[in-house]
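Structure assessment
The lines below spell out each chain.
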Amino acid sequence: ERGLRVADRGFLNTAVIESHITYIDGDNGVLRYRGYPIEQLAERSSFLEVSYLLIYGALPSASQLSHFTSEVLLHGPIHSDAEGFFRAFRYDAHPMSMLTSAFAYLGSYYGEANPSLQGQDLFTKAAKGDPAALQNMDRQIFRLIGKATTLAAMAYRIRQGRDFVVPPTGMSYAESFLYQLDHLSPTDHLSELHSNKPHPVLVKALDILFILHADHEMNASSTTVLQTGSSLPDPFSAVAAGCASLYGPLHGGANEAVIRMLVSIGSPKNVPAFLEAVKKRQKVLSGFGHRVYKTSDPRSFIIRKVADEVFAVTGRDPLLDTAMALHDAALKDDYFVSRKLAPNVDFWSGLIYRAMGFPMDFFPVLFVVPRVVGWVAHWRQMMLSPSGVKIWRPRQLYLGPSTRDYVPLEERT
Ligand code: SDX
């Protein structure tokens, strides 16, 4: 095929779309959402305000934020049929496989069941500014963000054999999520301290973690959402595909892999032997390295600070000693320095989730919940693009056999 060439492995240097949403400068460790530095947003904004910014492109006014917040929280509850859906899983099913399926399940409610919500006409009309179509699109977005916490909490509670909890109104997004989880942290006196309301320090920590995980331009899962969305299914099905991609240990599953790695190392004295095994490619240093950041992941510095605030409430996790020894040793070791490997967003986040009492396999779920916002922001941007939606159908370089005739079974050797 003339003119075709294979993109660099893993799309190393391939831009698949033009975007106005998130900017990353990997050489200088810069991350901005719609132009606002992540450090300022983490310090001064809130997750739902950042969600509005990522989706609509501007910081909301007070009334816009209040409307967006009430719409998202209003769409949190889910039809009681969903309980039967979750109860169909084995009690020990990985919560990420439950969540991936649950998003597709939602599509059966709001996708095919109502053809006007999907397909060419909706997106064509929305792209032309049709108010009803735009309102439809927004409602899908409110449902996805609002129900992400409910589905995640259901996947959590089903594992514990505990009933699902509907949060009281008037709570923030992160607070109502923690309330639905009602998880017993290692120091479960926290709930008594705050009359069974989630501890304010943990709520704030989760809100900041959600801001940091909300979007990251064309990472594997966002690309998957757009690849799927380009054939115009309902957005729930596109998000289900993105959730499956985030599950992998090279992507959102890394925060779970980091804790398993730290537990297997056991103590700071075993760090040198572990790093030697990594150099021999017998082990992977999870939580280190990044496709784009070649100096540092700015999110990791912010998360490191949040960890200290959480530990002040929950008690310090002894794994932190191993994590810090591993962090310091790797950053001084030429093998990692020469490969420009530094801690990424997943290196510290697992320690916080562990301190907050979450089981390890729930950590990637805590990545999915905020990343739904980035996924829907990119999905909406693609659906509304003036040039319209073009199905993503790449080509290949064919290296297989040239033409040959069929050989009947009896003649084959
Ligand atoms: C996330 O894309 C995003 O933006 C993702 C994310 C987001 O917000 O969406 O930031 C979230 O997924 C963060 C990354 C979480 N994953 C991990 O922590 C898993 C461990 N990291 C590696 O698997 C790896 O660094 C990746 C997958 C993150 C990046 O892989 P690349 O860009 O394909 O890098 P590479 O494999 O080409 O590595 C270059 C070199 C290689 O050595 P050589 O073969 O050239 O000798 O660095 C080595 C790699 O072997 N290397 C590592 C390593 N990561 C890369 N060696 C040991 N440990 C590692 N973690």
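How each quantity is defined
- Residues numbered from 1 in each chain as written.
- Predicted model: local features only at pLDDT ≥ 70, side-chain atom pairs only at ≥ 80, totals over all residues.
- Heavy atoms only, no water.
- UniProt positions renumbered as here; feature names shortened; annotations may be inferred.
- Helix = DSSP H or I, 4+ residues; strand = E, 2+ residues; numbered from the N terminus.
- Axes fitted to C-alpha atoms, helices over the stretch in contact; angles between N-to-C directions.
- Parallel < 35°, antiparallel > 145°, perpendicular 65-115°, else oblique.
- Left-handed = near helix turned anticlockwise from the far one by under 90°.
- Contact = heavy atoms within 4.5 Å.
- Nonpolar A, V, L, I, M, F, W, Y, C, P; charged D, E, K, R; others polar.
- Near = heavy atom within 4 Å.
- Polar contact = N/O pair within 3.5 Å; in protein donor to acceptor, adjacent residues only side chain to side chain.
- Areas by Shrake-Rupley, 256 points an atom, 1.4 Å probe, with all protein chains shown as cover.
- Buried < 20%, exposed > 50% of the residue type's maximum accessible area, 1.4 Å probe, protein only.
- Pairing = 2+ DSSP bridges.

Where an unreviewed UniProt entry is consulted, the protein appears under the name Citrate synthase, with the organism given as Suillus subaureus. Heading Pathway (unreviewed entry) of the UniProt record for the protein holds this comment: "Carbohydrate metabolism." As recorded by UniProt, the Sequence similarities (unreviewed entry) comment attached to the protein reads in full: "Belongs to the citrate synthase family."

Now for unusual backbone geometry. Although it is not a glycine, Arg34 adopts a positive phi angle of roughly 50°. Tracing the backbone through its elements, the reader meets Arg34 in the loop between β2 (30–33) and β3 (36–37). Even without a glycine there, the phi angle at Leu232 is positive, about 70°. Mapped onto the elements of the fold, Leu232 is located in the loop between α11 (220–229) and α12 (235–246).

Once that is clear, we can look at the packing of helix α14 (residues 271–279) against helix α16 (residues 319–332). Between α14 and α16, the shortest axis-to-axis distance is 10 Å and the interhelical angle comes to 55°. The orientation of α14 with respect to α16, classified from their angle, is oblique. Crossing geometry of α14 relative to α16 is assigned as right-handed. For the pair α14 and α16, contact is made by Val271, Phe274 and Leu275 and by Thr322, Ala325, Leu326, Ala329 and Ala330, respectively. In terms of residue class, the contact of α14 with α16 is made up of seven nonpolar, one polar and no charged.

Here we come to the site of the ligand. As a matter of local geometry, the ligand sits amid 22 residues, with His216, Arg281, His290, Arg291 and Arg299 nearest to it. Within the contact set of the ligand, a nitrogen atom lies 3.0 Å away from a backbone nitrogen or oxygen of Leu250. Within the complex, the protein chains bury 73% of what would otherwise be the 1100 Å² of accessible surface of the ligand. Of the residues belonging to the shell around the ligand, the class tally is eight nonpolar, eight polar and six charged.

With that settled, the discussion passes to helix α18 (residues 345–355). Across the 11 residues of α18, 10 count as buried, placing the element largely inside the fold. Residues of α18 that are buried make contact with α10 (200–213), α13 (254–265), α15 (298–314), α16 and α19 (363–383). By the N-cap criterion, in which a side-chain oxygen at the helix start approaches the backbone nitrogen of a residue two or three places on, α18 is capped by Asn344, the distance to Asp346 being 2.8 Å.

What follows covers the sheet that holds β3. Spatially, three strands are ordered β1-β2-β3 in an open sheet, and the strand pairing comes out antiparallel. The open sheet has two edge strands, β1 (22–25) and β3, and neither has a second partner. Two strands pair when backbone bridges link them, and β1 and β2 are joined in this way by four bridges, in the antiparallel orientation. Looking at β2, one finds that Thr22 is bridged to Tyr33.

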